Amino acid sequence: MRTRTTDPRHTARIAAVGAVALVAGFMPGTGAAADTRTAEADIAYTCDLPSGAQPVAVHVATELPVTTSVGTAIRPRDVTLSFELPRSALTATPGTEPAAVSGSARVMTEVSQRGESTDVPWQGLEIPETALPVTGDLALRATGEVPTITPRSSGDVLFALGRLDVGLAPSTAEGAGDTPPPLAVSCTVDPDQSAELATVTVPPETGTPPPSGTAPEPSGDTTPDRPGGAKAERAEAPSSGGVQPPADCTLMTGPIAQVPKAAHGYMAGYSNVNKLDGAIRFDDPGHLRLNLNTSVSFLKCPTGVKSWLTTDGTLDYRGRPQMPPAEGTFLTFGFMPTTAKMELILDGRIEIGTLGDSAPDPDTKKYKETTTAIAPAHVRLYDVKVNGEPLDVGPDCRSAHSMTLQLVGKGASGVGGPEGYTVKTGGPLTGYADVPPFTGCGVTEDLDNLFTASVSGKGNYTKMMQSPLCVEGVPANCPEPPKPKPER
């Protein structure tokens, strides 16, 4: 079914969005509707692209029933969005044209019945990897499963399309250099047309008068968005562990699983010990082994649309997940010279999340990004000497529990090359560590309290320098990337 005429009732339906939240007693869905047909519509959208607002025609198709009964779920099947994006949207920065893109799409669908409406997100529509053509624009196709709708009363159920959000993750050919940044596209329906897709008839039940002011019930594994964000999706969804995007961002689309690339590099630096008024110097760089770009999501944040890229990894020192041993000399309690060796040992995976702008800064033409790395770890002390005399602390003098190391790096990429910190090119990462109490210290006497009193504490400033990475399939910095030097 194709509809092109302007419907004056559309404005009234928009005004009623959210009123359905006040209607109680929705009926659960039973069974499934039959007698389906293909519903189609060509919708004119205007999309915010890096080069500015541009028209984009979207063809929507799905299988919907002609009629259904009260309490029977309406399941749109084989939902497909087909559209073309201008080639210029993928080549906003010179020299960053990708070989292919993949991603996902979300379209807000307004479902109305008897003057009441509710918004149901058709999200997670997958865009398979699509090669960029030699010339011309990029044709994309998004498909997937969407929630069912259950009418609780008789009356026509009308489906209309609304805001469209598309997230794309570019990829480059092997050995072609850095991957262009992800692209988030937001599109709105042109106001001079109807965006109706189809109507499903729900006849009255025998002997039952049709109620007024009712609305169909979204069901399945989704919760409809409400005006004001009454049940907005939180941005925690893209991450399965400790690293999280900002709490004031909401998920637009994703996470989109990527095929990660193996990468490795080195890290060296300092970590203060506040109570001893000194620092441990990690002079021998630790070896990082990473799975680069495991997933990508797109978020709506107060400052605009952002991408969220995840990476994970570990440390490797002679086959063990730790930094190489570091040595420090301090004046314990302000007067006693004390020397100790320290090992920083991971208790789990390093999780890395990068929040990046989806559009370049208008002045610098660079894409700003902030990277957060989080890792659980514990500290082991050994080879302790006090005033030159060995102090036998035993083989298992360590922090009583894991501490969370969190380091942050800020940088940008794009015109003129990267600056500051990026995961691929390295740079400074800073943060603060809380050192837990110690346990297992001492052989002939219990030294736990001594080390807890002299070392443990909050807010120990840490600064690490990461080298550029050697990335699988990219010859730069391979096979052995440079080793950084600690910087205060």
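Residues numbered from 1 in each chain as written. Predicted model: local features only at pLDDT ≥ 70, side-chain atom pairs only at ≥ 80, totals over all residues. Heavy atoms only, no water.

Enquirer: When you look at the overall build of the protein chain in this model, what are you seeing that I'm missing?
Expert: A tally of helices and strands in the protein chain yields 2 helices and 27 strands. The buried share of the protein chain, taken over its 488 residues, is 49%. The long-range share in the protein chain, meaning contacts at least 24 apart out of those at least 6 apart in sequence, stands at 72%. With the model as given, the accessible surface of the protein chain reaches about 22,000 Å², and the carbon-plus-sulfur share is 53%. (Helix = DSSP H or I, 4+ residues; strand = E, 2+ residues; numbered from the N terminus. Buried < 20%, exposed > 50% of the residue type's maximum accessible area, 1.4 Å probe, protein only. Contact = heavy atoms within 4.5 Å. Areas by Shrake-Rupley, 256 points an atom, 1.4 Å probe, with all protein chains shown as cover.)

Enquirer: Can you walk me through the side chain of Thr-462 in this structure?
Expert: Mapping Thr-462 onto the fold places it in strand E26 (residues 457–466). Given a relative accessible area of 10%, Thr-462 falls into the buried group. Reaching out from Thr-462, the side chain makes a polar contact with the side chain of Ser-271 at a distance of 3.1 Å. Dropping the residues within four chain positions of it, Thr-462 is found in contact with Tyr-270, Ser-271, Leu-407, Leu-429, Thr-430, Gly-431 and Ala-433. (Polar contact = N/O pair within 3.5 Å; in protein donor to acceptor, adjacent residues only side chain to side chain.)

Enquirer: Would you take a moment to explain the packing of aromatic side chains for this structure?
Expert: Where two aromatic rings form a pair, the distance of their centres and the angle of their planes describe that pair. Per the counting criterion, the structure on display carries 2 aromatic pairs. Relative to Phe-451, the ring of Phe-438 has its centre 6.4 Å away and its plane inclined at 50°; by these criteria the two rings are tilted. Taken together, the residues Phe-438 in strand E25 (residues 438–439) and Phe-451 in helix H2 (residues 448–454) connect sequence positions 13 residues apart. No difference in accessibility class separates Phe-438 from Phe-451, as the two residues are buried. Looking at Arg-380, its charged tip hangs above the ring of Tyr-382, at a distance of 4.4 Å from the centre. Note that Lys-483 overlies the ring of Tyr-266, its terminal NZ or CZ placed 5.0 Å from the centroid. (Phe/Tyr/Trp six-rings, centres within 6.5 Å; stacked < 30°, edge-to-face > 60°. Lys NZ or Arg CZ within 6 Å of the ring centre and 35° of its normal.)

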